[in-house]
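A look at the structure
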Amino acid sequence: MSAGWWKKAVFYEIYVRSFADSNGDGIGDLDGITAHLDYLNDGTPESLGVDALWLSPINPSPLRDFGYDVSDYCGIHPELGDFASFDRLLAEAHRRNIRVVLDLVPNHTSDQHPWFLESRSSRRNHRRDWYIWADGEFGHPPNNWLSTFGGSAWQYDEPTRAFYLHSFLPEQPDLNYRNPEVVAAMHDVLRFWLLRGVDGFRVDVISYLMKDAALRDNPPRDPANPGAGLVPAFSQDLPEVHEVVRGLRRVLDDFVDRMMVGEVWPRDQRSLADYLRPNECHLAFNFRFLMCRYDAASFRAAIEETETLLDDGAWPTYTLSNHDFARHISRYAEGAATEARARMLAVLMTTVRGTPFLYYGEEIGMHNVEIPSGRRRDPAGRDSCRTPMQWSEARSGGFTTAAATPWLPLGDCAAANVERERHDPHSMLSLYRRLIRLRRDNPALLEGTLRVGADAPADCLVLIRESASHRMAVALNFAGERRRITAIGPGVIALSSDPDRNIGAIGETLELSANEGVVLKLV
Ligand code: NOJ
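Residues numbered from 1 in each chain as written. Predicted model: local features only at pLDDT ≥ 70, side-chain atom pairs only at ≥ 80, totals over all residues. Heavy atoms only, no water.

A look at the pairing of strand S16 (residues 491-496)
Pairing analysis gives two bridges linking S16 to strand S17 (residues 505-506), with the strands arranged antiparallel. Note on S17: the bridge partner recorded for Val492 is Ala505. Two strands pair when backbone bridges link them, and S16 and strand S19 (residues 517-522) are joined in this way by five bridges, in the antiparallel orientation. In the strand pairing of S19, Ile493 is matched with Leu520. (Pairing = 2+ DSSP bridges. Helix = DSSP H or I, 4+ residues; strand = E, 2+ residues; numbered from the N terminus.)

Observations concerning the site of the ligand
Taken together, 13 residues lie around the ligand, and Asp65, His108, Asp204, His323 and Asp324 are the ones closest in. In the environment of the ligand, an oxygen atom lies 2.5 Å from a nitrogen or oxygen atom belonging to the side chain of Asp324. Surface burial for the ligand is 97%, taken as the share of its 300 Å² of free accessible area covered by protein chains. Looking at the shell around the ligand residue by residue, the class counts come to four nonpolar, two polar and seven charged. (Near = heavy atom within 4 Å. Polar contact = N/O pair within 3.5 Å; in protein donor to acceptor, adjacent residues only side chain to side chain. Areas by Shrake-Rupley, 256 points an atom, 1.4 Å probe, with all protein chains shown as cover. Nonpolar A, V, L, I, M, F, W, Y, C, P; charged D, E, K, R; others polar.)

Examining the sheet that holds strand S6 (residues 162-165)
Sheets are built from strands paired through backbone hydrogen bonds, the pairs being either parallel or antiparallel. Reading across from one edge, S4-S6-S5 is the order of the three strands in this open sheet, with antiparallel pairing throughout. At either end of the open sheet lies a strand with only one pairing partner, and these are strand S4 (133-134) and strand S5 (154-157). Relative to S6, S4 runs antiparallel, the two being bridged by two bridges. In the sheet register, Ala134 faces S6, and the bridge partner there is Phe163.

Thoughts on the domain arrangement of the protein
In terms of domains, the protein is made up of domain 1 (5-109 + 180-221 + 229-439), domain 2 (114-165) and domain 3 (449-522). Each of domain 1 and domain 2 has a C-alpha centre, and these two points are 30 Å apart. The interface formed by domain 1 and domain 2 includes zero salt bridges. A breakdown of the residues in the side of domain 1 that touches domain 2 according to their chemical character gives nine nonpolar, four polar and seven charged. (Domains from an automatic or database assignment. Salt bridge = Lys/Arg side-chain N within 4 Å of Asp/Glu carboxyl O.)

Description of the environment of Ala296
Mapped onto the elements, Ala296 comes out in helix H8 (residues 296-309). Note: C-alpha distance between Ala296 and Arg202 (94 residues apart in sequence) is 30 Å. In this structure Ala296 touches Ala458, Asp459, Cys460, Leu461 and Phe478, once residues within four positions along its chain are discounted. (Contact = heavy atoms within 4.5 Å.)

Overview of the sheet that holds S16
Strand order in the open sheet formed by six strands is S12-S13-S14-S19-S16-S17, with antiparallel pairing between adjacent strands. On the outer flanks of this sheet lie strand S12 (449-452) and S17, each paired with one strand and no other. Where helix H10 (residues 338-351) meets the sheet, its contacts fall on strand S13 (460-466), strand S14 (471-477), S16 and S19, and the angle it forms with S14 comes to roughly 150°. Of the strands in this sheet, S16 and S19 are in contact with helix H12 (residues 428-440), which crosses S16 at around 135°. (Axes fitted to C-alpha atoms, helices over the stretch in contact; angles between N-to-C directions.)

Thoughts on helix H7 (residues 241-253)
In a regular helix each residue adds 1.5 Å, so 13 residues correspond to 18 Å; H7 covers 19 Å between its end C-alpha atoms and thus fits that length. Along H7, the positions that sit buried rather than exposed are Val241, His242, Val244, Val245, Gly247, Leu248, Arg249, Val251 and Leu252. (Expected span 1.5 Å × (residues − 1). Buried < 20%, exposed > 50% of the residue type's maximum accessible area, 1.4 Å probe, protein only.)

The structure is reproduced here in structure tokens:
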């Protein structure tokens, strides 16, 4: 897998602090990941089989936003490891043909970053203009822009009696990409890691990188209804941002086979494709599935919209869970049907046209975890989907030593853990392994065309995937009872999410059990 490897890869997001702790301090680290690379892909069907890892931020940080507040772009947070452990992880991953993509956070730094300390020290400091400062009037913020985490996006700073912009926490001041020195400094950061051998970057809120030069007020979403909020027309997704994106791409293009996946929050989903023009991002997150209800029409609309909006050159991606949202197994929980629903969605994720981004733990059916108030860490309330990986039923879940207290509480390790699922052919883990292999070995699933089947019952979804040599059908039943799909076969069932299904040939008709997903090889 080389040219355009990101189109064929299955990505796996690792929230580094929560994956595996190698030194007994209760915090996941780089050596912990290295120790589990064989679990991720050892080249045999015994491993999960993912092709690329996206690591949550590893740079030094005061951890106000757990690494999304960087205080040194060219360092490694001591809780996570050092350069020796990083180089080891990279070498061991590459030895197994696993690519490693780092989280790059260019929109803002920590307020403790030396650049910001200088910038805030004096209006005449040579780095003053590296951030976005404005005076405001009569003690009021310069405009009505809002922080994504709530409240004004402006923080008054006493030493120089001015406001600075923060699209997230006040401890995360936004950099000013209208200043060419900032652009050059960030390019140097990319080169630093590319020279070290990383395969690319997940670029945090790439669509936020340019702000209106005149700092105009954002317009109301609905002038008749002030409660409806603002359209971030002047603070996000500006036309000028694309020049910044192209600049990052030029740096990547000086190296072989490197990529970036942009975290794009377009004001209108239609502009997602703009970030995927040939000289911009290789991939961009498509968050449509995160917004779907558990029903066939909702997922069908998300897929059809994505297929329509992305033109030939732009390659889709799909995400069901990540470190910012409730895990999908919990979002779609429905009593005894919960596991079956998640199993069916695993079929969808790995067979839809596009690159899947899996989130650590989804492959074993990890749930969101209720966090007691005394143990909450994230100011934006996202701890529940970031709890330690459940490796075993041991006291520490196999995540850390028995004596250590994990940095966030563990979920129900008896209900879902790697150790047990590894040996159970009917487990969620075994299903993911089989799906990832099936996808990898099947040109139709990997790069074939996609058509949504027309004749399925309203609560089912059928995807037809075709390449020159293969024709596959994917049949998904969102109903809590059996459904019959007519005129889909003949074919041979390659895989089902239902452990009780008899695998074999079918005629014209396919009977699906409640919440079942089936992959069919058409003959
Ligand atoms: C998006 C990241 O996914 C989120 O975790 C973070 O809080 C914000 N960007 C700010 O960096």
